[in-house]
Amino acid sequence: RTVLQTLTSHLLELGGGVQDPGMLCCPLQPVVPSPTVNGYRNKSTFSVNRGPDGNPKTVGLYVGTGRGQNIVCVRTDHMMNIPLKHKQVAQCYEQFIRCSPLGSCILFHEGGHWRELVVRTSQHGHTMAIVTFHPQQLGQEALAAQKALLKEFFTCGPGAVCALTSLYFQESTMTRCSHEQSPFQLLHGEPHIFEDVLDLTFRISPDAFFQVNTSGAEVLYRAVRELSQAATNTVLLDVCCGTGTIGLSLARHVSKVIGVEIVQKAIEDARWNAAFNGISNCEFHSGKAEAVLPELLSSWEDARPLVAVVNPSRAGIHHRVVRAIRSCGAIRRLLYISCKPEGEAMRNFLELCCPPDPGKKLEGEPFAPALAVPIDMFPHTAHCELVLLLTR
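Residues numbered from 1 in each chain as written. Predicted model: local features only at pLDDT ≥ 70, side-chain atom pairs only at ≥ 80, totals over all residues. Heavy atoms only, no water.

As recorded by an unreviewed UniProt entry, the protein carries the name tRNA (uracil(54)-C(5))-methyltransferase and is attributed to Phasianus colchicus. Turning to the protein, the UniProt annotation filed under Catalytic activity (unreviewed entry) states: "uridine(54) in tRNA + S-adenosyl-L-methionine = 5-methyluridine(54) in tRNA + S-adenosyl-L-homocysteine + H(+)". (UniProt positions renumbered as here; feature names shortened; annotations may be inferred.)

If you want it as structure tokens, here you go:
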């Protein structure tokens, strides 16, 4: 509600092309609950840092602030939203690094090697673990030895109890590192895990985006389908499409789906997912949305109704993406999905809905917020996923 009040206030201040201020009053539906409340996360990221007892090889989540200089890493035994399998893998990883002669990498310039752990699971019973490792000055032989020890621990040693489907290793000298920057190395098992959503099966790569609440995702995608008013003559534009879950879940209700995603591996997954599920009316483009979308929409001549769905990271969508969407008169309905609407998404809302501004190259008829649907994708937290319908 605060987000909508802020948006409405800003748009009224901008005035300009707004003919009827009343149209800015956007109805807010009640929060749609998650079907699963406990242990719903299918992906958890665990840090390695000093615990409350000072041990620098504690695996868990951060508590405290950098400003207060009181950050500690605490185990997640008490966390209601993290499933037992994730906790088990984290405990085993902690056991492994505490037996390792190599130190944990807390600050890059201070050395150390063992870094965060990502665990992904699915309703199929699959478990993927991804270990991030700072190589520092280690040579290839020493790196190979550490990978062999890690694999042995999780396949033959105490970690075998986790029954990992996939074990990945990534050498990273940055806080976050893509597969293109530093490939994910498969040490054991299958290269992918699989998940079912709305009677479709999806393949998931190590760094591919997938909603962290699978049952909540089904609620979200049903809401998107209803709000999109998708029909058999509709073209659906899925921006930041990840592994194609939104587009593919609507593909059988529309004429065509066009997906755009920056992560190459996610696009490979999306294309595989379409073929595996027998869906042939989808095309997926790999690249930055700000590079792909302007070219795609500038020459748009298709007479079919065009509906856009945008599901970006917390950083929101690039200014050039906003300009491309506004300038394409064929887009009359836009669904913006955000897990942090009060952040950078608010900038996007204002750019999409403000009067034309030649100075900012914001042309075309502005959108107006028509309906807001909050979905509780993150039980046990104060956050909701917001689906904001914009029309013009």
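Still to come is the rest of the account.
> Would you mind showing me how to read the environment of Val-118 here?
Within the secondary structure layout, Val-118 lies in strand S4 (residues 114–121). Taking relative accessible area as the criterion, Val-118 reaches 10% and is therefore assigned buried. Here the alpha-carbon distance between Val-118 and Val-212, two residues 94 residues apart in the chain, equals 12 Å. Every residue in contact with Val-118, bar those within four places of it in the chain, is listed here: Lys-43, Ser-44, Thr-45, Met-128, Ala-129 and Ile-130. (Helix = DSSP H or I, 4+ residues; strand = E, 2+ residues; numbered from the N terminus. Buried < 20%, exposed > 50% of the residue type's maximum accessible area, 1.4 Å probe, protein only. Contact = heavy atoms within 4.5 Å.)

> Looking at this model, I keep getting lost on the UniProt feature "binding site: S-adenosyl-L-methionine" (unreviewed entry) in the protein. Mind explaining?
Taking the UniProt record as the reference, the feature "binding site: S-adenosyl-L-methionine" (unreviewed entry) is found at Gln-211, Glu-261 and Asn-311. Structurally, Glu-261 is set in strand S11 (residues 256–261). In this view, Glu-261 contacts Cys-240, Cys-241, Gly-242, Ala-266, Ile-267, His-285, Ser-286 and Gly-287; residues no more than four positions away in its chain are not counted. Separated by 3.4 Å, the side chain of Glu-261 and the backbone nitrogen of Cys-241 make a polar contact. Structurally, Asn-311 can be placed in the loop between strand S13 (306–310) and helix H8 (319–327). A residue is classified by how much of its surface remains accessible, and Asn-311, at 9% relative accessible area, is buried. Apart from the residues lying within four places of it in its own chain, the contact partners of Asn-311 are Phe-209, Gln-211, Val-239, Cys-240, Ile-246, Ile-337 and Glu-385. (Polar contact = N/O pair within 3.5 Å; in protein donor to acceptor, adjacent residues only side chain to side chain.)

> Explanation requested: the UniProt feature "active site" (unreviewed entry) in the protein in the structure shown.
Mapped onto this numbering, the UniProt entry annotates "active site" (unreviewed entry) at Cys-339. The topology assignment puts Cys-339 in the loop between strand S14 (331–338) and helix H9 (344–353). A relative accessible area of 24% places Cys-339 in the partly exposed class.

> I'm lost on helix H6 (residues 264–276) in this one. Help?
For an α-helix, the turn length of 3.6 residues means that residues three or four places apart are oriented alike. Counted at 1.5 Å a residue, the expected span for H6 with its 13 residues is 18 Å, and the 18 Å between its end C-alpha atoms agrees. When we look at burial in H6, the residues that qualify are Ala-266, Ile-267, Asp-269, Ala-270, Asn-273 and Ala-274. Each buried residue of H6 sits inside an arc of 155° when the element is viewed along its axis, so together they form one side. Taken together, the buried residues of H6 touch strand S9 (200–204), helix H5 (245–250), S11 and strand S12 (282–286). Note on H6: the residue one or two positions beyond its end, Gly-278, has a positive phi of about 70°. (Expected span 1.5 Å × (residues − 1). Arc of directions from axis to C-beta.)

> Which parts of the structure should I look at to understand empty space enclosed by the protein?
Think of a ball as big as a water molecule: rolled over the atoms, this probe shows where empty space is left. Under the defined criterion, the tally for this structure stands at four cavities of 30 Å³ or more. Roughly 50 Å³ of internal volume is contained in the largest cavity. For the largest cavity, the full set of lining residues is Pro-312, Ser-313, Arg-314, Gly-316, Tyr-336, Ile-337, Ser-338, Cys-339, Lys-340 and Ala-345. Looking at the lining of the largest cavity residue by residue, the classes come out as five nonpolar, three polar and two charged. (1 Å grid on protein atoms, 1.4 Å probe; cavity = no way out; pocket = protein on both sides within 12 Å on 5 of 7 lines; lining within 4 Å. Points joined across faces, edges and corners; volume = space filled by probe spheres on them. Nonpolar A, V, L, I, M, F, W, Y, C, P; charged D, E, K, R; others polar.)

> Can you help me understand the pairing of S9 in this one?
It is a general feature of regular strands that their side chains alternate between the two faces of the sheet. Summarising burial for S9: five of the five residues are buried, a large majority. Here S9 shows no split at all, with Leu-200, Phe-202 and Ile-204 on one side and Thr-201 and Arg-203 on the other all buried. Sheet topology places strand S8 (residues 193–197) next to S9; five bridges connect them, and they run antiparallel. Bridging across to S9, Phe-194 finds its partner in Arg-203. Hairpin connection of S8 to S9: two residues between the antiparallel strands, including Leu-198 at a positive phi of 50°. (Pairing = 2+ DSSP bridges.)

> What is the right way to read unusual backbone geometry from this model?
Backbone geometry follows two general trends: most residues other than glycine have a negative phi, and most peptide bonds adopt the trans configuration. With a phi close to 50°, Gln-136 is a non-glycine residue in the positive phi region. In this fold, Gln-136 is placed in the loop between strand S5 (127–133) and helix H3 (140–155). Of note in this structure, Gln-229 is not a glycine but carries a positive phi near 55°.

> Explain the domain arrangement of the protein here, please?
The figure often quoted for interface size is the accessible area lost as the parts come together. Domain boundaries in the protein define domain 1 (1–30 + 197–391) and domain 2 (43–190). Computed from C-alpha coordinates alone, the two centres of domain 1 and domain 2 are separated by 33 Å. Between domain 1 and domain 2, the contact holds 14 residues from the first and eleven residues from the second. Per-residue buried area on domain 1 facing domain 2 is highest for Pro-206, Asp-207 and His-380; these three make up 47% of the total on that side. Along the contact surface separating domain 1 from domain 2 lie zero salt bridges. Counting every contact that joins domain 1 to domain 2 gives three residue pairs in polar contact (both at pLDDT 80 or more). Its residues placed into classes, the side of domain 1 that touches domain 2 shows seven nonpolar, five polar and two charged. (Domains from an automatic or database assignment. Buried area = accessible area lost by both parts, 1.4 Å probe. Salt bridge = Lys/Arg side-chain N within 4 Å of Asp/Glu carboxyl O.)

> Hey, could you run me through the sheet that holds S5 in this one?
Strand-to-strand pairing in sheets goes through backbone hydrogen bonds, with the strands running parallel or antiparallel. Sheet architecture is open: seven strands sit in the order S3-S2-S1-S4-S5-S6-S7, paired in mixed fashion. The sheet is open, and its two edges are formed by strand S3 (72–74) and strand S7 (185–189), each paired on a single side. In this sheet, adjacent strand axes meet at a mean angle of 35° when their direction is disregarded. Bridge count for strand S1 (residues 43–49) against S4 is four bridges, and the pairing is antiparallel. Residue pairing for S4: Phe-46 is matched across the bridge by Leu-117. Each of S1, strand S2 (58–63), S4 and S5 touches helix H2 (residues 84–99); the most contacted strand, S4, lies at about 155° to it. Set on the sheet, H3 makes contact with S4, S5, strand S6 (166–171) and S7; between it and S6 the angle comes to about 155°. (Axes fitted to C-alpha atoms, helices over the stretch in contact; angles between N-to-C directions.)

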